[in-house]
Amino acid sequence: MGGSSCLAAVDAAGFASRQLVAELWCGGAWTPELEGIIEMASRAMHDGRSVVTTCGGCYADCAFAAHVEDGRVVAELPVPGHPCAARALCARGRHRLVMPFDERDRILHPMRRRQDGSGFDAVSWDEAFSDIAERLAEIIDEHSARALGMTLGVPSFDRYWAYRFMHALGSPNVYGADGACEVSRLTGWEHSLGYSPASDLAHTDCIMYLGRSIVDSSTMGAVDALNDARRRGAKIIVVDPRRSGSAALADRWLRVRPGCDLALLLGIAHVLIAEDLYDREFVARYTTDFDELAQAAAVWTPDWAESMCDVPADDIRATARDLAAAAPAAVVDAGFHGGIGIAYANSTQTARAICLVDVLLGCLGHAGGALNPPTPLALGDLDPARFATPPVPRMSKLGSERYPLVDPVRGLCTTIGQSILAGDLRGLIVYASNPGAGYGNAQAWLSILQQLDLLVTIDIRWSETARASDFVLPDVTYLEADRGVGTVVGRNDARVFYRNAVLPILHDDTRPGREIFAGLAQACGVGEYFQFTSDNLAAAQVAPFGIELDELKERGWADTGVQLPPRTGEPVIPLDGGKIALVSDVWERAGLGRVPGWIAPMVEPGPGMFRLISGNRPFESHTLRRLAAQGAAEAGSDLDAVQMNADAAARMGIADGEIVELVSDMGRDRVRVETTPYLHPACIFTSATPGGRSFGADAGGAQALGVGPLDHTPLRWDPLTGAALTQENAVRVEKIVARGDNDE
């Protein structure tokens, strides 16, 4: 680890001595180089006051009070009263405190690819803006503005400016990250219930998670809520091929065969109906066509389900009865990424089946069950009479014609590749995202991106996508710039908060995203839409509530006083007719059947083959291997290793710690094996972060140990949602045989 990262790690990791940090994080003694980094960071020191801000590591916006001390960002938690208060930052959040001081892979100047493709040259901002604007104009003149697109990652903090820029150019093609995480699951819920419900963990008596580990991938607040539920006696059931952090805490861990959660859910539905455990009143009042569903469910017996998903029939019966006994304060969680978000060809059907079980439990809108949809807190906006506003393009977003059931606002980012291959998308701006590593198989995606007429990346660090770009523009870390007004996502909360900068910009030739988009707009001749400051926008957003911006910045949060409705009570069903169709013509036309029956995964590994699956651990970064490696080192985990069932390994003569090769038609990867009894024998588990093929994985340029979750998954698009089907794969494990000098 570089010296600059070591410094911030003193506070990020909770270490007290410089020497200890040098040994644990840097692999050696304290050096003069590290002292130089202290001097650089100290010049960025605030005036000694703590500044209330929020973490930029994910959507959770965990609040902390920050100050700079001896070149380190020190985070103080909790922030009393803040709507995003947390008792601590997670591992990912702690490592984000390091980022401003970590020079490795940092993009420090605007970069332009040489005409011969041999590399990049640093150019001025004016030159970069002028060249990019000229290339954008050529695409618009030849193909129309609809041939331009932009895709946004989680850290795309200035997305207000991003949307405004694309609208000013006349393009509707702005894509969010949900399509790369959970578009199949979301689509299943949106056309079954009208929304994807949150679980009322704080009041539940029984909750079941499928392929989602709160302990491994959520905020500290969510982990605390899970532990609180356990302490008050709630039953926790976790369905997962591996014994995740949440499974280790659960009352019951159901070791399901990968890709077969659907069969388990159908078995539970059968028991609820056959044993008359379902909520008859709820079903009669809020659903249609129950009799036809019940007839279809007759064949989904626990014994049949066991034959498909490898969960014992008695455990299926016991789970159904536990859920029914606790209902309506019981819920099958709607899920997130994990094993159902976009992983399989049956992921959408799995979401339908979760909805079915929750309907049978009658838990929708009930305390302890599945909550009604949140009521968003509506912020103000810039006054168009004072600040010119570009019209929103009326044309449809590219990809929406192929996937009409998908919400075009949240989904479709993975379908960018199809639009490129079809010749419909000719220019792409990538803002704080890495489709070359995170939207599907990296080798295939990088090949597709090369077919663009123009590829521009705006990011903090070099990535696979940046390396493939025509222009690379340097962004700043979240600690170096204000990120504006925020509202609480997923809860009915009338408070707003402000994301203050903690540091000044440390590198003179880097800029916040908003300044980059304003500069591009000026060069493209649409600068009139960007004659406002970030303070103008923030003040307009809180003006309807009578909140003064300076006071909001000082305190970090404020209560708007808006009365928002509770999320329990009469179930909210935002569908035509206000009822849930248990038998659906929409799904029948989509090819999934009138009822949510069994659909097998697309790929079934044959004899001697394994499914390569992945999942989060608390330190993961989905698209930056090196950041994940820092967290793994702190946690004492081996990022180069995969987990393999101990019995399956023993049958193959593979020892714990042995280095083997994972092999498929997609290539070979060397990995270290960790054997465990806590994994289904049909799969190999790897980290959710890019593997040894990733850019920067090895300082010498050679492929390092480790395998990424998408390295052996062929690039496919789900015919219903355009999802990447990330776990539809099969690999074999080969021992590495020592070769003699005369061996070929």
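Residues numbered from 1 in each chain as written. Predicted model: local features only at pLDDT ≥ 70, side-chain atom pairs only at ≥ 80, totals over all residues. Heavy atoms only, no water.

1. Remarks on the overall build of the chain
Let me state the cut-off plainly: Comment: elements are numbered from the N terminus, with helices defined as DSSP H or I runs of at least four residues and strands as E runs of at least two. When a residue's accessible area, from a 1.4 Å probe over protein chains only, is under 20% of the maximum for its type it is buried; when over 50% it is exposed; and in between it is partly exposed. Two residues qualify as a contact provided that any one of their heavy atoms is within 4.5 Å of a heavy atom in the partner residue. In these tables, accessible area is a Shrake-Rupley quantity obtained with a 1.4 Å probe, and a residue counts as shielded only by the protein chains included in the view.
Counting its secondary structure elements, the chain contains 26 helices and 25 strands. With 744 residues in all, the chain has 57% of them scored as buried. Look at the contacts in the chain between residues 6 or more apart in sequence, and 73% of them connect residues 24 or more apart. Split by element, the accessible area of the chain, about 28400 Å² in all, is 49% carbon and sulfur.

2. Concerning the packing of helix α5 (residues 125-143) against helix α21 (residues 513-523)
Formally: Inter-axis angles, ranging from 0 to 180 degrees, are taken between N-to-C directions of lines fitted to C-alpha atoms, where helices are fitted over the stretch in contact. In what follows, roughly perpendicular refers to angles from 65 to 115 degrees, roughly parallel to angles under 35, roughly antiparallel to angles over 145, and oblique to any angle outside these ranges. Handedness of each helix crossing follows the sense of rotation of the near helix against the far helix: counterclockwise by less than a right angle gives left-handed, clockwise gives right-handed. Gly is put with the polar residues, along with every residue not named as nonpolar or charged; the nonpolar set is Ala, Val, Leu, Ile, Met, Phe, Trp, Tyr, Cys and Pro, and the charged set is Asp, Glu, Lys and Arg.
Running from N to C, α5 and α21 cross one another at 60 degrees; their axes reach a closest spacing of 8 Å. Between α5 and α21, the angle is such that the two are oblique. Judged by the sense of rotation from one axis to the other, the crossing of α5 with α21 is right-handed. Two secondary-structure elements touch here, α5 through Trp-125, Phe-129, Ser-130, Ile-132 and Ala-133 and α21 through Glu-515, Ile-516, Gly-519, Leu-520 and Ala-523. Of the residues that constitute the contact of α5 with α21, the class distribution is seven nonpolar, two polar and one charged.

3. Describing unusual backbone geometry
Between Leu-77 and Pro-78 the backbone carries a cis peptide bond, its omega angle lying at -5 degrees. Within the secondary structure layout, Pro-78 lies in the loop between β3 (72-76) and α4 (91-96). Cis geometry marks the peptide bond from Ala-327 to Pro-328; its omega dihedral reads 5 degrees. The backbone phi angle of Asp-310 is positive, close to 70 degrees, even though this residue is not glycine. Assignment of secondary structure puts Asp-310 in the loop between α14 (302-309) and α15 (313-326). Look at Ala-432: it is not a glycine, yet its phi comes out positive at around 55 degrees.

4. Things to note about the packing of aromatic side chains
As a reminder, the rule being used: The aromatic pairing rule takes the rings of Phe, Tyr and Trp, using the six-membered ring of Trp, and pairs them if the centres are within 6.5 Å, calling planes under 30 degrees apart stacked, those over 60 edge-to-face and the rest tilted. Distance and angle both matter: a charge sits over a ring if NZ of Lys or CZ of Arg is within 6 Å of the ring centre and within 35 degrees of the ring normal.
One pass over the structure, following the stated rule, counts 14 aromatic pairs. Aromatic pair Phe-282 and Tyr-286: ring centres 4.8 Å apart, planes at 45 degrees, arrangement tilted. With a gap of four residues between them, Phe-282 and Tyr-286 both fall in helix α12 (residues 280-286), about one helical turn apart. Taking relative accessible area as the criterion, Tyr-286 reaches 9% and is therefore assigned buried. Among the aromatic residues, those joined into a ring-pair cluster are Tyr-160, Trp-161, Phe-387, Phe-530 and Phe-532. A cation sits over an aromatic face here: Arg-243 above Tyr-678, 4.7 Å from the ring centre.

5. Focus on the sheet that holds strand β25 (residues 732-735)
Our working rule: If DSSP finds at least two bridges between two strands, the strands pair.
Read from one edge of the open sheet, six strands run β20-β24-β21-β23-β22-β25, paired in mixed fashion. The open sheet has two free edges, formed respectively by β20 (611-615) and β25, since each of these has just one partner strand. Between one strand axis and the next, the sheet turns through 40 degrees on average, direction left out of account. Pairing of strand β22 (residues 659-664) with strand β23 (residues 667-676), which is carried by six bridges, proceeds in the antiparallel orientation. Residue Glu-661 lies in a different strand from β23, and its bridge partner there is Arg-670.

6. Some details on the pattern of salt bridges
Opposite charge on two side chains permits pairing when their charged atoms draw close. Definition in use: Definition used for salt bridges: Asp or Glu carboxyl oxygen within 4 Å of a side-chain nitrogen of Lys or Arg.
Inspection of the entire model under this criterion finds 43 salt bridges. A salt bridge links Arg-72 to Asp-70; the nearest nitrogen and oxygen atoms lie 3.5 Å apart. Salt-bridge contacts for Arg-670 lead to Glu-661; the nearest nitrogen and oxygen are separated by 3.3 Å. Arg-670 gets classed as partly exposed once you look at its relative accessible area, which sits at 41%. When salt bridges with common partners are traced through the structure, they connect Glu-661, Arg-668, Arg-670, Arg-732 and Glu-734 into a single cluster.

7. Concerning helix α6 (residues 159-169)
Within α6, eight of the 11 residues are buried, leaving the element largely enclosed by the surrounding structure. The set of residues buried in α6 consists of Trp-161, Ala-162, Arg-164, Phe-165, Met-166, His-167, Ala-168 and Leu-169. Elements that come into contact with the buried residues of α6 comprise α5, β6 (148-152), β7 (174-175), β13 (427-431), α21 and α22 (534-542). Just downstream of α6 lies Gly-170, where phi reads positive at about 95 degrees.

8. As for α21
Among the residues of α21, Gly-513, Arg-514, Ile-516, Phe-517, Gly-519, Leu-520 and Ala-521 are the ones counted as buried. Trailing α21 by a residue or two, Gly-525 shows a phi angle of about 85 degrees, which is positive.

9. Description of a negative patch on the surface
To keep things clear, this is the line we draw: Patch definition: residues with relative accessible area over 30% and no salt bridge; like charges joined within 9 Å; nonpolar side chains (Val, Leu, Ile, Met, Phe, Trp, Tyr) joined within 5 Å. Counting rule applied: Lys, Arg positive; Asp, Glu negative; His and chain ends not counted. For this purpose, a charge sits on NZ of Lys, CZ of Arg, CG of Asp or CD of Glu.
On the surface, a cluster of negative charge is made up of Glu-134, Glu-138, Asp-141 and Glu-142. As for its placement among the helices and strands, Asp-141 is situated in helix α5. Judged by its relative accessible area of 68%, Asp-141 falls in the exposed class.

In short, the description is geometric, and any link to function would need to be established separately.
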